[in-house]
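Coordinate analysis (summary)
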Amino acid sequence: MSMDHQPRRTRDNDHHTHQPPGSHDQQHRVLDLDAEVFGDHLAAVLDFAGVPGARSIVDLGAGTGAGSRLLRERYPDATVTGVDNDPQMLGLLRGQGFAVVEADLDDGFPALAETPVDLVWASSSLHHVAHPARLLSGVHRALAPGGVLAVVELATLPRFLSHPRGALLEQRCHAAAAAEGWNHHPEWTPVIEAAGFAVTRSEMTINAPVTPAAREYARQWFARFAHLAALTADDRDTVEDLLERFDDDVELEPRATRTVWVATSDQNV
């Protein structure tokens, strides 16, 4: 399951994250690969969130449904509603049996049924929102007493290479990506607190096994790094060489770190 679904924005805003190049289908594949490779990571986030049971769950920026699938697996008796503004994503969600709401999160938390929400899941989606304070205030009003908001962001881009020289190359790729605005997001603690929540922040790192999916996921990232304008010509050549032999002798150690904000409120305001 992926925390990294990326809802399409309808306009630029201060929190917009520049995304790596790639077709819509390629982006969907990356999200699903992340879910397959780092699914245990996301299950750990739900353990940290401490929601023993839920009847109504909302997945903000649900994307391909990777997060929604994990939520449904964890809470089989709950209604999981995916919110997105991309018609293609909404079609994928419907096809997987999820309730859907078409909404632009820039306009705030969408109107739902009268049932209060037990868990709102916002994985790599809040940084796309033009007015996060407005959205979070709406979440606060919609939550049931004791309900939980879980906000998840990538602390750093995933890392894959285990050899010291490869790790240095990967570090330079990440620096070039940061220079182009990839994975930029605010420190959400004060923003969430201002909406009336008590917040617990944590970082979680997980090492994933080397599987065919992990190898494909790593290849996808390095194929994107190869297009970075901030990368030196020598590093770009090295990345291209790496891609040519990825299936043969590249040693991998997949790992990822995510920042998690768990926000709770005993009563709505």
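Presented here is a report on the structure given in the accompanying data block.

1. Details of the overall build of the protein chain
If you tally the helices and strands in the protein chain, you get nine helices and eight strands. Within the protein chain, residue pairs in contact and separated by at least 24 positions form 81% of the contacts whose partners lie at least 6 positions apart. Within the structure as shown, the protein chain displays about 11,800 Å² of accessible surface, and the carbon and sulfur contribution to it stands at 48%.

2. Here's the deal with the environment of Leu42
Within the element layout of this structure, Leu42 appears in helix H2 (residues 39-49). According to the relative accessible area criterion, Leu42 is buried, its value standing at 0%. For Leu42 and Leu70, which are 28 residues apart along the polypeptide, the C-alpha to C-alpha distance reads 8.1 Å.

3. Details of the packing of aromatic side chains
Inspection of every chain in the model, using the stated rule, returns eight aromatic pairs. A centroid spacing of 6.3 Å and a plane angle of 70° characterise the contact between Phe38 and Tyr217, whose relative ring orientation is edge-to-face. Highlighted residues: Phe38 in the loop between helix H1 (24-37) and H2 and Tyr217 in helix H8 (residues 212-225), separated in sequence by 179 residues. Taking the relative accessible area as the measure of exposure, Tyr217 reaches 1% and is therefore buried. Considering the side-chain rings of Phe222 and Phe225, the 5.3 Å spacing of their centres and the 90° angle between planes classify their relative orientation as edge-to-face. Of the two residues, Phe222 and Phe225 both sit in helix H8, three residues apart, roughly one turn of that helix. A residue is classified by how much of its surface remains accessible, and Phe222, at 0% relative accessible area, is buried.

4. Comments concerning the pattern of salt bridges
Under the counting rule described, the total for this entry stands at eight salt bridges. Between Arg69 and Asp32 there is a salt bridge, with the nearest N and O atoms lying 3.3 Å from each other. On the criterion of sequence distance, the pair formed by Arg69 in helix H3 (residues 66-74) and Asp32 in helix H1 is long-range, its members being 37 residues apart. Take Arg69: its relative accessible area is 32%, and that puts it in the partly exposed class. Accessibility expressed as a relative area gives 27% for Asp32, which makes it partly exposed. Between Arg172 and Asp235 there is a salt bridge; the shortest N-O distance is 2.8 Å. You can see Arg172 sitting in helix H6 (residues 164-179) and its partner Asp235 sitting in helix H9 (residues 233-244), a full 63 residues away along the chain. Take Asp235: its relative accessible area is 8%, and that puts it in the buried class.

5. Here we look at the packing of H8 against H9
Where H8 meets H9, the closest approach of the two axes is 9 Å, and the angle between their N-to-C directions is 150°. Between H8 and H9, the crossing angle belongs to the class labelled roughly antiparallel. Crossing of H8 over H9 shows left-handed handedness. Seen from H8, the contacting residues are Arg219, Phe222 and Ala223; seen from H9, they are Val239, Leu242 and Leu243. Residue composition of the contact of H8 with H9, by class: five nonpolar, no polar and one charged.

The rules we used
Residues numbered from 1 in each chain as written. Predicted model: local features only at pLDDT ≥ 70, side-chain atom pairs only at ≥ 80, totals over all residues. Heavy atoms only, no water. Helix = DSSP H or I, 4+ residues; strand = E, 2+ residues; numbered from the N terminus. Contact = heavy atoms within 4.5 Å. Areas by Shrake-Rupley, 256 points an atom, 1.4 Å probe, with all protein chains shown as cover. Buried < 20%, exposed > 50% of the residue type's maximum accessible area, 1.4 Å probe, protein only. Phe/Tyr/Trp six-rings, centres within 6.5 Å; stacked < 30°, edge-to-face > 60°. Salt bridge = Lys/Arg side-chain N within 4 Å of Asp/Glu carboxyl O. Axes fitted to C-alpha atoms, helices over the stretch in contact; angles between N-to-C directions. Parallel < 35°, antiparallel > 145°, perpendicular 65-115°, else oblique. Left-handed = near helix turned anticlockwise from the far one by under 90°. Nonpolar A, V, L, I, M, F, W, Y, C, P; charged D, E, K, R; others polar.

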